[in-house]
Amino acid sequence: MKDILDVHTHTTASGHAYNTFREVIEMAKSKNLELIGIADHAPLMPGTCHDFYFLNFKNIPRDAYGIDLVMGAELNIIDYSGSTDLPAQILKGLDYAVASLHNPCIEPGSVAENTAAIIGAMRNPHVVIIGHPDNPKYPVDFDAIAKAASENKILLEVNNSSYKSVGYRAGSREKAKLMLMACKKYGASVIMGSDAHVDIDVGNHKFSQEVIAENNFPEELVVNSSKEKFFDFVKYRKNLAPR
């Protein structure tokens, strides 16, 4: 499977990651990626950076590092309506956003509550990706999420970090099967993300690729093969935002 991009990586700005902005970029270049995205944790994650970090992205040249670069955020979904933790005026300056359910920011709810939280986050036009939606700690209705993702042109993430044997989200690999079945049913696209918190994991989609292959998931619904596919989703979502 062609795999030339990784847009879910973290730097020291997240507070619990271990490499700098430049080290992440250099690792992406060394692995021959064509697009790297940095999505540090938004402000309600303990230990991460202030709003001002995301507000200042205008000063980062996206084409100055010998690789295409996009700057985003991993937003925290903070209620069952799908609210997130950066205001619209800051989100407008991001290239894209990932929205995720994280234990420090929202308690796991019922299947209906968790599903409503994710679908609510999809209504935010700056959200392009739903992060690790197959986390067993937050049980969801995968049919409802895949259908909504297809209708709203949102990417569901196949998160490599979730499938590690030492990972925090144990059981995700089994849930991924259900998610991918629903995505096939509704024609929803997915994106592999490393969720790298250390430079060596940048571009590492080994387990995500295994999960996709094991479930005979159509490669045409995996956007990692093409920068243009990814940017089509970004453009569509951004065009929904009020001018």
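Note that the coordinates shown come from a computational prediction; the quantities given were computed from them, not determined experimentally.

**Considering the side chain of T9**
Phase 1 of the analysis: Note that T9 resides in strand 1 (residues 5-9).
Phase 2 of the analysis: A relative accessible area of 0% means that T9 is categorised as buried.
Phase 3 of the analysis: Of note is the side chain of T9, whose polar atom sits 2.7 Å from the backbone oxygen of G37.
Phase 4 of the analysis: Excluding anything up to four places from it in sequence, T9 contacts V24, I36, G37, I38, A39, D40, S194, A196 and V202.

**Some details on the pattern of salt bridges**
Phase 1 of the analysis: Evaluation of the coordinates by the stated rule reveals 10 salt bridges.
Phase 2 of the analysis: Between R62 and D95 there is a salt bridge, and its shortest N-O distance comes to 2.7 Å. With a gap of 33 residues between them, R62 in the loop between helix 2 (51-55) and strand 3 (68-76) and D95 in the loop between helix 3 (88-91) and strand 4 (96-100) connect regions that are remote in the sequence.
Phase 3 of the analysis: Here K185 and D143 are joined by a salt bridge, their closest N and O atoms 3.2 Å apart. Taken together, the residues span a long stretch of sequence, with K185 in helix 6 (residues 172-186) and D143 in helix 5 (residues 142-152) at a distance of 42 residues.
Phase 4 of the analysis: The exposed category is assigned to K185, whose relative accessible area is 55%.
Phase 5 of the analysis: For D143, a relative accessible area of 30% translates into the label partly exposed.
Phase 6 of the analysis: A single salt-bridge network, built from bridges that share partners, covers R173, K206, E210 and E214.

**Focus on the pairing of strand 4**
Phase 1 of the analysis: Of all five residues in strand 4, five are buried, a share of seventy percent or more.
Phase 2 of the analysis: Here strand 4 shows a buried face lined by Y96, V98 and S100 and a second buried face lined by A97 and A99.
Phase 3 of the analysis: Across three bridges, the pairing between strand 4 and strand 5 (residues 127-130) is parallel. Within the sheet, the bridge partner assigned to A99 lies in strand 5 and is I130.
Phase 4 of the analysis: Taking the sense of rotation as the criterion, the β-α-β connection linking strand 4, helix 4 (residues 111-122) and strand 5 turns out right-handed.

Conventions and cut-offs
Residues numbered from 1 in each chain as written. Predicted model: local features only at pLDDT ≥ 70, side-chain atom pairs only at ≥ 80, totals over all residues. Heavy atoms only, no water. Helix = DSSP H or I, 4+ residues; strand = E, 2+ residues; numbered from the N terminus. Buried < 20%, exposed > 50% of the residue type's maximum accessible area, 1.4 Å probe, protein only. Polar contact = N/O pair within 3.5 Å; in protein donor to acceptor, adjacent residues only side chain to side chain. Contact = heavy atoms within 4.5 Å. Salt bridge = Lys/Arg side-chain N within 4 Å of Asp/Glu carboxyl O. Pairing = 2+ DSSP bridges. Right-handed = clockwise from strand over helix to strand, strands pointing away.

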